[in-house]
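# A closer look at the structure
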Amino acid sequence: MHELPKLDYQYNALEPFIDAQTMEVHHTKHHTAYIEKLNTALEKYPELQSKTIDDLLKNLTNLPADLQPAVQNNGGGHYNHTLFWKIMSPNASHAPQGDLKAKIEATYETLDIFIDQFSVAGLSRFGSGWVWLVKTPENTLKIYSTANQDCPLTLGDTPLIGLDVWEHAYYLKYQNRRAEYIKNWWNVLDWKAIEANFTA
Ligand code: MN3
């Protein structure tokens, strides 16, 4: 059984950048729904129930065909949101350090250029989806976006940063202003947690 992870902070802790109502609905309703649907889909497959969500997503195309859509959409939703909660913090460290800082500067020249490119990818995603910074199997960094709940693990990449650009992530506070949501989001992005994803 997959379970809803607890947050390390209160729903109002990311104010004013992300409002408490959005956080609560997003965590208790949206994330919970993905987990419930994933668990329901796995009822038919007891031998897969003990697999981690990482394992399921990495091996998506080897799963039984009738299970794949549920893992792609609801398993992806579970993994992606779990990462999203973890890389945000009210006590965020606002800049990368060490190896990750060096890697970002080697790839994008400066942190500001990286942030610009990532933000453009988030604005360009048509409809619902995510924008990612990933580490590839070749140990390079890449920015891209995915539709719906598609997860970089399925593409063979390791997600370092994931930004939810579904309207449910920002609509209550920002309505249609996705650009403002993305701009404000960097204030709560915790680079210490991202460094941990990078070195893991
Ligand atoms: Mn979401």
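Residues numbered from 1 in each chain as written. Predicted model: local features only at pLDDT ≥ 70, side-chain atom pairs only at ≥ 80, totals over all residues. Heavy atoms only, no water.

### Regarding the sheet that holds strand β2 (residues 141-147)
Think of a sheet as strands paired side by side through backbone hydrogen bonds, with each pair either parallel or antiparallel. Counted only if it meets this: Any two strands are treated as partners once DSSP identifies two or more bridges connecting them. Numbering of helices and strands runs from the N terminus, with a helix taken as a DSSP run of H or I at least four residues long and a strand as a DSSP run of E at least two residues long. Helix axes use the C-alpha atoms of the stretch in contact, all axes being lines fitted to C-alpha atoms, and the angles between their N-to-C directions lie in the range 0 to 180 degrees. Contacts were defined at the residue level, with two residues in contact if any of their heavy atoms lie within 4.5 Å.
Strand order in the open sheet made by the three strands is β2-β1-β3, with antiparallel pairing throughout. Looking at strand neighbours, the two that pair on one side only are β2 and β3 (158-164), the edges of this open sheet. Averaged over all adjacent pairs, the angle separating strand axes in this sheet is 25°, with direction ignored. Running over the sheet, helix α4 (residues 98-108) touches β1 (129-135) and β2 and is turned about 80° from β2.

### A word on the nonpolar core
Our working rule: Put simply, a nonpolar core is a bunch of buried Ala, Val, Leu, Ile, Met, Phe, Trp, Tyr and Cys residues held in one set by side-chain atoms that sit within 4.5 Å of each other. Residue exposure (1.4 Å probe, protein chains only): buried if accessible area is under 20% of the type maximum, exposed if over 50%, otherwise partly exposed.
Of all hydrophobic cores here, the largest spans 58 residues; its most connected members are M88, F114, F118, I161 and W185. Apart from the residues within four sequence positions on either side, F118 is in contact with V131, W132, L133, I143, I161, L163, W185 and W186.

### A look at the coordination of the manganese ion
Defined as follows: Donor selection uses N, O and S atoms within 2.8 Å of the metal (3.2 Å for Na, K and Ca). Since no water is included, sites may look incomplete.
Bound to the manganese ion on the protein side are H26 (NE2), H81 (NE2), D164 (OD) and H168 (NE2), at distances that span 1.9 to 2.1 Å. Within one chain, the residues serving as donors to the manganese ion are arranged as H-x54-H-x82-D-x3-H. Taken as a pair, H81 in helix α3 (residues 68-86) and H168 in the loop between β3 and α6 (171-174) lie far apart in primary sequence, 87 residues in all. We note that H81, like H168, is buried.

### With respect to the packing of aromatic side chains
Selection criterion: Side-chain rings of Phe, Tyr and Trp (the six-membered ring for Trp) are treated as a pair once their centres are within 6.5 Å; stacked means planes under 30 degrees apart, edge-to-face means over 60, and tilted covers the remaining angles. In our convention, an over-ring charge means Lys NZ or Arg CZ found within 6 Å of a ring centre and within 35 degrees of that ring's normal.
In this structure the tally under the stated criterion is 13 aromatic pairs. Ring geometry for Y108 against F114: centres 5.3 Å apart, planes inclined by 55°, an arrangement best described as tilted. Ring geometry for F118 and W185: centres 6.2 Å apart, planes at 10°, overall stacked. Taken together, the positions of F118 in helix α5 (residues 111-124) and W185 in helix α7 (residues 178-185) put the pair 67 residues apart, joining distant regions of the chain. An aromatic cluster of three or more residues is present, and its members are F84, W85, Y108, F114, F118, W130, W132, W185, W186 and W191. In this structure, K135 packs its charged tip against the face of F198, placed 5.1 Å from the ring centre. Stacked on the ring of Y174, the Lys or Arg K173 has its end atom at 5.6 Å from the ring centre.

### Focus: helix α1 (residues 20-42)
Helical periodicity: at 3.6 residues per turn, an α-helix aligns residues three or four positions apart in one direction. Selection rule: Take the residue count of a helix, subtract one, and multiply by 1.5 Å to get its expected span. Here the bend at a residue means the angle between the axes of two seven-residue stretches, the one that ends at it and the one that starts at it.
Compared with the 33 Å implied by 1.5 Å per residue over 23 residues, the 32 Å span of α1 between its first and last C-alpha is a close match. At H26, α1 shows its maximal bend, which comes to roughly 35°. Along α1, the residues classified as buried are T22, M23, H26, H27, H31, T32, Y34, I35, L38, N39 and L42. On the buried face of α1, the contacting elements are α2 (53-58), α3, β3 and α6.

### What to know about the pairing of β2
The side chains of a regular strand alternate, residue by residue, between the two faces of the sheet. Here seven bridges tie β1 to β2, and the two strands are oriented antiparallel to one another. Opposite G129, over in β2, you have A147 as the bridge partner. Here β1 folds back onto β2, and the loop between the two strands holds five residues, one of which, N139, carries a positive phi near 65°.

### Topic: the side chain of K135
In this structure, K135 sits in strand β1. Look past the residues within four positions of K135 in its chain and what remains in contact with it is T140, D157, T158, L160, F198 and A200.

### Concerning the pattern of salt bridges
Heads up, the condition is: Each salt bridge in this description consists of a side-chain nitrogen of Lys or Arg and a carboxyl oxygen of Asp or Glu lying within 4 Å of one another.
A full pass over the atoms with the stated rule returns three salt bridges. For K44, the salt bridge identified is with D66, shortest N-O distance 2.6 Å. Of this pair, K44 sits in the loop between α1 and α2 while D66 sits in the loop between α2 and α3, and the two are 22 residues apart along the sequence. On the accessibility criterion, K44 (58% relative accessible area) is exposed. For D66, a relative accessible area of 47% translates into the label partly exposed. For the salt bridge of R177 with E180, the shortest nitrogen-to-oxygen distance reads 2.7 Å. We classify E180 as partly exposed; its relative accessible area is 34%.

### Brief notes about α3
Taking 1.5 Å per residue as the helical rise, α3 with its 19 residues ought to reach 27 Å, and the 26 Å between its terminal C-alpha atoms agrees with that figure. G75 marks the point of greatest bend in α3, at about 30°. Counting buried positions over the 19 residues of α3 gives 14, a clear majority of the element.

These values are about where atoms sit, not about what they do.
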